[in-house]
Amino acid sequence: MEQPIYTTRAHVFQIDPNTKKNWVPASKQAVTVSYFYDSTRNSYRIISVDGSKVIINSTITPNMMFTKTSQKFGQWADSRANTVFGLGFASEQQLAKFAEKFQEVKDAAKLARDKSQEKGETMSNHSQIQLEETEPQLKETGRETPSSNQPSSINGTDDEKISHVGPEAAVLKSENELLKSAVEQSNTNAKKWETELQTLRENNARLVDALQESSANVESWKKQLTTCKDESDSLRTQIAELEAQCNEASQEKQRNAQLTVRVQELEAELQDKELELENLRKQAETIPQLMAECESITAKLQAAEMKNKELEGRVDGLQLDVEDSRQKQGQMKGELKKFMDMLDGKIDELHEFRQGLSRLGVEN
């Protein structure tokens, strides 16, 4: 009777019988996949049932090979079922365990086949030895039997001869029957082995075809992998170019941020300059007063000169006042000139600053 020796869960696939390239799902979800051992036949099978439908019934032979095609997918070809089974596992560990069990069962099947061949050879050799040992007796019996069938002679009656020869003939007959059964069994085994050998040859041919198809599939997968690698390289190149463009954009953003900060600084400086200019304007408003004072002083000086002509006697006393007034007037004129020069310089600086700010705005 068959007993399960290992059980796991996986998604089951079968190769498309038409294209021999694409996988067709045999189950809608992960199902139980088990190894069974038949002690009466000394054989191993992989069986999987989805509900009431048997989707895998594969007898493992020593010529089978389980191949890992990816990290979580494996396949093997069954020539008797004329298909290729594929299993998709949830993890690499489950795939590795299933492949390890497949190799163990395959080795056990090979060992059972070798023992069966050795047993058949032993039976064949034993039958040949029995045949070789029995041939001399048959020859001797063949020589003696005709004499027993002769009429009674000098030595005695026929009954006496029959009673004398009967036990040896019975033993010889039983041995002959055993020999015939052994030869028939040997012939039956030979035919059975020939049938199994022919089956193995057919399975080997199917397996070779499946292997060639698998090789062709591997080549097509390699081409697809090469195409995917080329596409990946091109995508990586595009990503690198986009990253370079992003870096340039970020650099431009940094430059714009720096320029924005600079503009803000210049605007603050402009406000300071405008405040300074306003202060200078306020100070310039006092210039007419100073000019009026200067004119009044000049008028007074002229009046004093006129009075000087009239009052020559008072020249000495007033000369000092005139000189002081002239000195004060000269000092005021010098201060006024310096103030006007400084105001002209500030106005020129402000004009240059506005021109530089206008050029900076145009450049941005």
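Everything quoted here is computed from the prediction, not taken from an experiment.

### What to know about the overall build of the protein
At step 1: Within the protein one finds 4 helices and 8 strands.
At step 2: Along its sequence from the N terminus, the protein presents helices and strands in the succession β-β-β-β-β-β-β-β-α-α-α-α.
At step 3: Within the protein, buried positions represent 21% of all 364 residues.
At step 4: The long-range fraction of contacts in the protein, counting pairs at least 24 apart against all pairs at least 6 apart in sequence, stands at 58%.
At step 5: Carbon and sulfur atoms make up 52% of the accessible area of the protein, which amounts to about 26300 Å² in all.

### With respect to the nonpolar core
At step 1: If you look at the biggest cluster of nonpolar residues, it comprises 24 residues, and the most contacted ones within it are Ile 46, Trp 76, Leu 87 and Phe 98.
At step 2: When neighbours within four sequence positions are excluded, Leu 87 is seen to be in contact with Ala 10, His 11, Val 12, Val 33, Ile 56, Lys 72, Phe 73, Gly 74, Trp 76 and Phe 98.

### Thoughts on a negative patch on the surface
At step 1: Together, Asp 341, Asp 344, Asp 348, Glu 349 and Glu 352 give the surface a local cluster of negative charge.
At step 2: Within the fold, Asp 348 resides in helix 4 (residues 315-363).

### Section: the pattern of salt bridges
At step 1: If you walk through the whole model with that rule in mind, you get 6 salt bridges.
At step 2: As a salt-bridge pair, Lys 101 and Glu 104 come within 3.4 Å of each other at their nearest N and O atoms. One end of the pair is Lys 101 and the other is Glu 104, both in helix 1 (residues 92-148) and 3 residues apart, which spans about a single turn.
At step 3: A salt bridge links Arg 262 to Glu 265, with the nearest nitrogen and oxygen atoms 3.5 Å apart. Highlighted residues: Arg 262 and Glu 265, both in helix 2 (residues 158-285), separated by 3 residues, approximately one helical turn.

### A closer look at helix 3 (residues 287-310)
At step 1: Here helix 3 is 24 residues long and its end C-alpha atoms lie 34 Å apart, about the 34 Å a rise of 1.5 Å per residue gives.
At step 2: Among the residues making up helix 3, those that are buried are Ile 287, Cys 294 and Leu 301.

### Focus: the packing of aromatic side chains
At step 1: One pass over the structure, following the stated rule, counts 12 aromatic pairs.
At step 2: With centroids separated by 6.1 Å and ring planes inclined at 45°, the aromatic side chains of Tyr 6 and Tyr 35 adopt a geometry described as tilted. Of this pair, Tyr 6 sits in strand 1 (residues 2-15) while Tyr 35 sits in strand 3 (residues 31-38), and the two are 29 residues apart along the sequence.
At step 3: Plain terms: the ring middles of Phe 66 and Trp 76 are 6.2 Å apart, the flat faces sit at 35° to each other, and that makes the pair tilted. One end of the pair, Phe 66, is in the loop between strand 5 (53-59) and strand 6 (67-68); the other, Trp 76, is in strand 7 (residues 73-78), with 10 residues separating them in the sequence.
At step 4: Note on Phe 66: relative accessible area 14%, which makes it buried.
At step 5: Of the residues examined, Trp 76 reaches a relative accessible area of 1% and is grouped as buried.
At step 6: Grouped by ring-pair contacts, the aromatic residues Tyr 6, Tyr 35, Phe 66, Trp 76, Phe 85, Phe 89, Phe 98 and Phe 102 constitute a single cluster.

### A closer look at unusual backbone geometry
Both trends apply: most residues other than glycine have a negative phi, and most peptide bonds are in trans.
At step 1: One non-glycine residue with positive phi stands out, namely Lys 20, at about 60°.
At step 2: In this fold, Lys 20 is placed in the loop between strand 1 and strand 2 (23-25).
At step 3: The exposure class assigned to Lys 20 is partly exposed, which follows from its relative accessible area of 23%.

### Points about the confidence of the model for the protein
At step 1: For the protein, mean pLDDT is 78; residues scoring 70 or higher make up 77% of the total.
At step 2: Under a pLDDT of 50 for its full length, residues 133-165 has, in the predicted model, 15 contacts with residues more than four places off or in other chains.

### Examining the pairing of strand 5
At step 1: Two elements, strand 4 (residues 43-50) and strand 5, share 6 bridges in a ladder whose sense is antiparallel. Across the sheet, residue Ile 46 finds its bridge partner in strand 5, namely Ser 58.
At step 2: The turn linking strand 4 back onto strand 5 is made up of 2 residues, and Gly 51 within it adopts a positive phi angle of 70°.

### Some remarks on the side chain of Lys 106
At step 1: You can see Lys 106 is positioned in helix 1.
At step 2: Asp 107 is the oppositely charged side chain nearest to the buried, salt-bridge-free Lys 106, at an N-O distance of 6.1 Å.
At step 3: With sequence-adjacent residues up to four places away left out, Lys 106 is seen in contact with Ile 60, Thr 61, Pro 62, Met 64 and Met 65.

### Re the pairing of strand 4
At step 1: For strand 3 and strand 4, the ladder comprises 6 bridges, and the chain directions are antiparallel. Pairing of Ser 34 across the sheet is with Ile 47, part of strand 4.
At step 2: Taken together, strand 3 and the strand that follows it, strand 4, pair antiparallel across an intervening segment of 4 residues, in which Asn 42 is found at a positive phi of about 55°.

### Focus on the environment of Glu 100
At step 1: Position of Glu 100 relative to the elements: it lies in helix 1.
At step 2: Taking relative accessible area as the criterion, Glu 100 reaches 44% and is therefore assigned partly exposed.
At step 3: In this structure the C-alpha to C-alpha distance between Glu 100 and Phe 66, which are 34 residues apart in sequence, comes to 9.4 Å.

### Side note on the environment of Leu 357
At step 1: In this structure, Leu 357 sits in helix 4.
At step 2: The class for Leu 357 is partly exposed, based on a relative accessible area of 24%.
At step 3: Through-space distance from the C-alpha of Leu 357 to that of Val 263 is 8.4 Å; in sequence the pair is 94 residues apart.
At step 4: When sequence neighbours within four positions are dropped, the list of residues in contact with Leu 357 reads Leu 266 and Leu 270.

Reading the values: rules and limits
Residues numbered from 1 in each chain as written. Predicted model: local features only at pLDDT ≥ 70, side-chain atom pairs only at ≥ 80, totals over all residues. Heavy atoms only, no water. Helix = DSSP H or I, 4+ residues; strand = E, 2+ residues; numbered from the N terminus. Buried < 20%, exposed > 50% of the residue type's maximum accessible area, 1.4 Å probe, protein only. Contact = heavy atoms within 4.5 Å. Areas by Shrake-Rupley, 256 points an atom, 1.4 Å probe, with all protein chains shown as cover. Core = buried A, V, L, I, M, F, W, Y, C linked by side-chain atoms within 4.5 Å. Patch = residues over 30% accessible without salt bridge, like charges linked within 9 Å, V, L, I, M, F, W, Y side chains within 5 Å. Salt bridge = Lys/Arg side-chain N within 4 Å of Asp/Glu carboxyl O. Lys, Arg positive; Asp, Glu negative; His and termini not counted. Charge placed at Lys NZ, Arg CZ, Asp CG, Glu CD. Expected span 1.5 Å × (residues − 1). Phe/Tyr/Trp six-rings, centres within 6.5 Å; stacked < 30°, edge-to-face > 60°. pLDDT = per-residue confidence, 0-100. Pairing = 2+ DSSP bridges.

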